[in-house]
Amino acid sequence: MKKHTNDVILESATTFITFIIFLFAVYLFFAGHYTPGGGFIGGLVTASALVLVLLAFDIQTLRQILPVDYKLMTAIGMLIAVLTASGALLFNVPFFTHAHDYFNLPLFGKTSLHTAMLFDLGVYLVVVGVTMTIIQTIGESD
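Residues numbered from 1 in each chain as written. Predicted model: local features only at pLDDT ≥ 70, side-chain atom pairs only at ≥ 80, totals over all residues. Heavy atoms only, no water.

Let me state the cut-off plainly: UniProt positions are given in the numbering used here, feature names are shortened, and annotations may be inferred rather than shown by experiment.
With an unreviewed UniProt entry as reference, the protein is termed Cation:proton antiporter, source organism Exiguobacterium undae. Regarding the protein, the UniProt comment filed under Sequence similarities (unreviewed entry) reads as follows: "Belongs to the CPA3 antiporters (TC 2.A.63) subunit B family." For the protein, the Subcellular location (unreviewed entry) comment in UniProt is given as "Cell membrane".

This is how it looks when you write it as structure tokens:
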């Protein structure tokens, strides 16, 4: 990707907007159990923030900011998702059966925690990893 020298407005806006997009992705991720959202859409929104950084700056800048191997991220996400989904088989219940319980957490009070959140984390990592791998592969071929 060829870097232009007069992208001051885009670069300045990106530093601010990317933070807002990441916060919205976190909100979507955590809201996904009770309302629309979850790991898939949270991952897509996160990937869109990373693509914005990629467009405003370049691939080297993105690698300096976030030195992540996206293929490894995808593999870890798949492992988390598969282990979470198949973990129910250890308790002799159907595949994909999730468990939850309520806990008193500092700052949050009484909160329900679900194994579905772990599955969503795996999906999130897979979506970000695959999306960024595809975009970097396309970008590097130019």
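**Digging into the nonpolar core**
Nonpolar side chains in soluble globular proteins generally cluster together in the buried interior. Here is the rule: Only buried residues count toward a nonpolar core, which is a set of Ala, Val, Leu, Ile, Met, Phe, Trp, Tyr and Cys residues joined through side-chain atoms within 4.5 Å. Burial here depends on accessible area, computed with a 1.4 Å probe over protein chains only, as a share of the maximum for the residue type. Under 20% is buried, over 50% is exposed, and the range in between is partly exposed. For the purposes of this entry, the term helix denotes a DSSP run of H or I that reaches at least four residues, the term strand denotes a run of E that reaches at least two, and both are numbered from the N terminus. Contact between two residues is taken to exist if any of their heavy atoms lie within 4.5 Å; hydrogens are not considered.
Ranked by size, the top nonpolar core spans 13 residues in total, and within it Leu50, Leu62, Tyr70, Met73, Val128 and Met132 carry the most contacts. Those elements that place two or more of their residues in this core are α2 (39-56), α3 (59-65), α4 (70-86) and α5 (115-140). Here this core takes 5 residues from α2, the largest share from any one element. Not counting residues within four places of it along the chain, the set of residues in contact with Leu50 comprises Phe22, Leu62, Leu66, Tyr70, Val128 and Met132. Counting residues in hydrophobic clusters, the runner-up holds 5 residues, among them Ala25, Leu28, Val45 and Ala49.

**Points about the packing of aromatic side chains**
Quick note on the threshold: The aromatic pairing rule takes the rings of Phe, Tyr and Trp, using the six-membered ring of Trp, and pairs them if the centres are within 6.5 Å, calling planes under 30 degrees apart stacked, those over 60 edge-to-face and the rest tilted.
Per the counting criterion, the structure on display carries 5 aromatic pairs. Ring geometry for Phe96 and Phe119: centres 5.1 Å apart, planes at 80°, overall edge-to-face. Pair noted here: Phe96 is in the loop between α4 and β1 (100-105) and Phe119 is in helix α5, with a separation of 23 residues, a long-range link. Of the aromatic side chains, those joined through ring pairs into one cluster are Phe29, Phe30 and Tyr124.

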